[in-house]
Amino acid sequence: MYPLHINSHTAHGQDPAYQYLFAGIDILRGHAPYHTDHPGTPLQSLIACTTATLWALMQVAGLETYGIFDSALLHPELYLGSVSFVLLLLSGAAIYYLGTRVYRVTGSYLLSIGCQLSPLLFPAVVPNLVFPTPEALLIPIVITLLGVMTPIIFCKDKSTEKDSLESYPAAGLLCGIGVATKITFLPILAILFLFKPSSVILRAFIFAVIGWLIGVAPIFERLPSMFSWFYQVLSHSGAHGEGSRGLIDSHQFSMALSWLARNFELYYYTLIFLVTIVVLSLARHWLVQDRQNISANLPESTDRIDLRVPVVLVLIMSAQTVMVAKHPGVTYMIPALPFAILGGAWVINNLAFFRIQGETKHWISVIWFVCVLTISLVSFTEATSTLAKNQNKGQRSYEAINNELKKYKNPVLVGAFNCNFIECAEWFGMLLVPEMELRMKQVTPNFLHFDIFNKRLHVPGIGELTEDGLRTTINELIAQNRDVLLISPEFDQLHKFELEKLLSTEIQNLYRIKGLVRQ
């Protein structure tokens, strides 16, 4: 996956990893980050702590002489890589914790190892174990949460009040931090309804509020803009609330549901199976009540199933589907995906209620585990293969343009969004940290950035230029007979310039800027 800037044409490139890196840097500068969309603050805080720790260790070891902010500009991939390492450690610890908890409650190695494989079941999850974005933090949060809830989820008797009293503070805090990490975690809050009595549920939600407040503490002053963004997304259709006003666009919604069903088949097979169990169990219960004379022909143990677990799982999985169908995105499903494996494990653990025991139950467990293991291996292979192909594609484009640049003596380079040079990634990450742009003059004095979103030019040591400033700067450089070269994918916004295409590659092109188009 690394270097990340090479992958700018994929979902695992500069966007949004570099924005999170520089948001973390902004926290170290004592500022509330402007990047509050997700809001993602716990990840930004983790990045700040990891960056400061690594920089301090390098200073002590004599490996770094620059200050922390200049060091981050000079070695951004090093700091991002250290964050990825920490995130992977957190996921590993969470997976171990979940496995030991499931084994302690069920006594089954197959169920415990099967649950531990949940992060590998879907290709969309695998890269996000290490890609430094909110999903990489949500994975250990949700897995740890499931570990905390394991005694309640897998408990076969209906008395779970003791477990509830022991688990609700940790579960509530994890839920609050999860929502602060990314709003897509919101449906997972329904897991707190498994606690009992109702007073414990209320206390768990109070702890969730406390966890959320802790998570968003660095951005308290930015909360109004965060809520404004959430309202925009909620009240409008389309990605990022850029569509027409309205809660749901029915056409987009139906297309998104179809897309979700194709990409997460196992998830929806599990959801359908759990719905079937709930419906049949309720129907059987009502049938027994209405027709006492045939109750002897029905399995007595079925009536004793506590349906709270499958009902809550159905609620979580359905709510996540609705949320993502309204605002489509592969990674937005990640918080709820472990519930696909959890639902299967719950069914197997409760097979005795359906008069399935002994050897039959054992072999069903074996078949389930083999299927989970096989799917995980296929998913992991598919994900890593796709990452390698994308990396090679980005590397070919980078080398082709870099070789072409060697023909020019001291050119002025201009990068745009998704250009896969490291300078482009840094500029993109700094768009919400303007003060860091002033330091770029010491790092890349001849590498400018064109912001396609507001059509403004950013200059090292100066920052964002006005429209007149852009025109003056480009004209002055051309008048000095400097080669002004633009590295960018094809965007309509580039029509602002008079361009001569020098080289075309798979993901980006190299242009000569000959001037600006007269307005």
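Just so it is clear, the model here is predicted, and its values are computed rather than measured. (Residues numbered from 1 in each chain as written. Predicted model: local features only at pLDDT ≥ 70, side-chain atom pairs only at ≥ 80, totals over all residues. Heavy atoms only, no water.)

1. A closer look at the overall build of the chain
Applicable threshold: Only DSSP runs of H or I with at least four residues qualify as helices, and only runs of E with at least two residues qualify as strands; both kinds are numbered from the N terminus onward. Atoms considered for the radius of gyration are the C-alpha atoms alone. The globule rule reads 2.2 Å times the number of residues to the power 0.38. Here's how the labels work: a residue is buried when its accessible area is under 20% of the maximum for its type, exposed when over 50%, partly exposed in between, all with a 1.4 Å probe on protein chains only. A contact between two residues is defined here by any heavy atoms of the two lying within 4.5 Å. Using a 1.4 Å probe, the Shrake-Rupley method yields the accessible areas, and only the shown protein chains count as cover for residues. Residues counted as positive are Lys and Arg, residues counted as negative are Asp and Glu, and His and the chain ends are not counted. The atom standing in for a charge is NZ when the residue is Lys, CZ when it is Arg, CG when it is Asp and CD when it is Glu.
In terms of helices and strands, the chain carries 18 helices and seven strands. The C-alpha atoms of the chain give a radius of gyration of 26 Å, which matches the 24 Å a tight globule of 519 residues would have. For the chain, the proportion of its 519 residues judged to be buried stands at 53%. Pairs at least 24 apart in sequence give 69% of the contacts found in the chain among residues at least 6 apart. Carbon together with sulfur atoms contributes 61% to the accessible area of the chain, which is approximately 23100 Å² in total. Counting 36 positive and 38 negative side-chain charges, the chain places the averaged centre of each group 4 Å from the other.

2. Some remarks on the side chain of Asp 451
Note the following rule: By definition here, a salt bridge exists when the distance from a side-chain nitrogen of Lys or Arg to a carboxyl oxygen of Asp or Glu is within 4 Å. In the analysis that follows, any N or O atom pair within 3.5 Å is treated as a polar contact, provided that within protein one partner can donate a hydrogen and the other can accept it, and provided that, for residues neighboring in sequence, both atoms belong to side chains.
Structurally, Asp 451 is set in strand S2 (residues 447-451). For the buried Asp 451, no salt bridge exists, and the shortest N-O distance to an oppositely charged side chain is 8.5 Å, to Arg 456. At 3.0 Å, the side chain of Asp 451 and the backbone nitrogen of Phe 453 are in polar contact. With sequence-adjacent residues up to four places away left out, Asp 451 is seen in contact with Leu 431, Arg 456 and His 458.

3. With respect to helix H10 (residues 250-263)
In plain terms, the rule: One fewer than the residue count of a helix, multiplied by 1.5 Å, yields its expected span. Of all possible arcs, the one meant is that of the directions from the helix axis to the C-beta atoms.
With 14 residues, H10 should reach 20 Å at 1.5 Å per residue; the first-to-last C-alpha distance of 20 Å fits that figure. All of the buried residues in H10 are Phe 253, Ala 256 and Leu 260. Taken down its axis, H10 places every buried residue within 65 degrees of arc, on the same side. In H10, the exposed positions that point more than 90 degrees away from the buried face belong to His 251 and Arg 262.

4. What to know about the sheet that holds strand S4 (residues 463-464)
The test is simple: DSSP-based pairing: two strands are paired if at least 2 bridges between them are found. For helices, the axis comes from a line fit to the C-alpha atoms of the stretch in contact; other axes are also lines fit to C-alpha atoms, and the angle between any two N-to-C directions lies between 0 and 180 degrees.
Spatial ordering of the open sheet is given by S4-S3-S2-S1-S5-S7-S6, a layout of seven strands whose pairing is mixed. Looking along the sheet, the strands with just one partner apiece sit at the ends: S4 and strand S6 (497-504). Here S6 runs beside strand S7 (residues 509-516); their pairing, made up of seven bridges, is antiparallel. Opposite Leu 499, over in S7, you have Ile 513 as the bridge partner. Across the sheet, helix H14 (residues 358-405) lies against strand S1 (412-416), strand S5 (484-488), S6 and S7, angled at about 50 degrees from S7, the strand it touches most.

5. Observations regarding the packing of helix H1 (residues 14-28) against helix H4 (residues 76-106)
Put simply, the rule reads: Under this scheme an angle from 65 to 115 degrees is roughly perpendicular, one under 35 degrees roughly parallel, and one over 145 degrees roughly antiparallel; angles in between are oblique.
Packing of H1 against H4 brings their axes to within 11 Å, and their N-to-C directions diverge by 95 degrees. Judged on the interaxial angle alone, H4 and H1 are roughly perpendicular. Between H1 and H4, the contacting residues are Ala 17, Tyr 18 and Leu 21 on the first element and Pro 76, Glu 77, Tyr 79 and Leu 80 on the second.

6. A few points about the packing of aromatic side chains
Geometrically, a pair of aromatic rings is defined through the distance of the ring centres and the angle of the planes. Short version of the rule: Stacked, tilted and edge-to-face are the three classes assigned to paired rings of Phe, Tyr and Trp, where Trp is represented by its six-membered ring and a pair needs centres within 6.5 Å; plane angles under 30 degrees give stacked, over 60 edge-to-face, the rest tilted. We call a charge positioned over a ring when the NZ of a Lys or the CZ of an Arg lies within 6 Å of the ring centre and within 35 degrees of the ring normal.
In total, this model carries twelve aromatic pairs according to the counting rule given. Taking 5.4 Å as the distance between ring centres and 55 degrees as the angle between the ring planes, the aromatic pair formed by Phe 193 and Phe 205 counts as tilted. Of the two residues, Phe 193 is situated in the loop between helix H7 (161-181) and helix H8 (198-215) and Phe 205 in helix H8; the sequence distance between them amounts to twelve residues. On the basis of an interplanar angle of 40 degrees and a centroid distance of 6.3 Å, the ring pair of Trp 212 and Phe 227 is categorised as tilted. Placement of the pair is Trp 212 in helix H8 and Phe 227 in helix H9 (residues 223-235), with a sequence separation of 15 residues. Overall, the relative accessible area of 19% leaves Trp 212 in the buried class. Between Arg 29 and the ring centre of Phe 69, over which it is positioned, the NZ or CZ distance is 5.3 Å. We note Arg 222 situated over the ring of Tyr 34; from NZ or CZ to the ring centre the distance is 3.8 Å.

7. A look at the environment of Lys 514
Looking at the secondary structure, you find Lys 514 in strand S7. Once the C-alpha coordinates of Lys 514 and Pro 310 are considered, the two residues, 204 residues apart in sequence, prove to be 64 Å apart. Leaving out residues up to four positions away in the same chain, Lys 514 has contacts with Ile 478, Glu 498, Leu 499 and Glu 500.

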